[in-house]
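The chain contents come next:
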Amino acid sequence: MSDDYRDPSGNTEAFRAFTAREEAAGPSATPAAPNNRLPLIIGGLVAAAVVIILVLVFALS
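None of the values given here were measured: they were computed from a predicted structure.

Draft legend 1. Structural context of the overall build of the protein. In terms of regular secondary structure, the protein is built from two helices and zero strands. With the model as given, the accessible surface of the protein reaches about 5700 Å², and the carbon-plus-sulfur share is 67%.

In structure tokens:
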């Protein structure tokens, strides 16, 4: 592994600079976060509907 990478948690000053840089980049990435959950929610609803339909089919047969 290369020695060029320095872990920012090893030095308090470097860690503070690292977190300040992450906070500055944060607002541009946050609006996309709720959209990332939409496929998961839709998939969960579809899976729940399939399970309910299977339970009803087996219960009525």
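Draft legend 2. Up close: a nonpolar patch on the surface. A cluster of nonpolar residues, Leu38, Ile42, Val46, Val50, Ile53, Leu54, Val57 and Phe58, forms a patch on the protein surface that exposes about 770 Å² of accessible area. Structurally, phenylalanine 58 is set in helix 2 (residues 33-60). Exposure remark for phenylalanine 58: the relative accessible area of 62% places this residue in the exposed category.

What counts as what
Residues numbered from 1 in each chain as written. Predicted model: local features only at pLDDT ≥ 70, side-chain atom pairs only at ≥ 80, totals over all residues. Heavy atoms only, no water. Helix = DSSP H or I, 4+ residues; strand = E, 2+ residues; numbered from the N terminus. Areas by Shrake-Rupley, 256 points an atom, 1.4 Å probe, with all protein chains shown as cover. Patch = residues over 30% accessible without salt bridge, like charges linked within 9 Å, V, L, I, M, F, W, Y side chains within 5 Å. Salt bridge = Lys/Arg side-chain N within 4 Å of Asp/Glu carboxyl O. Buried < 20%, exposed > 50% of the residue type's maximum accessible area, 1.4 Å probe, protein only.

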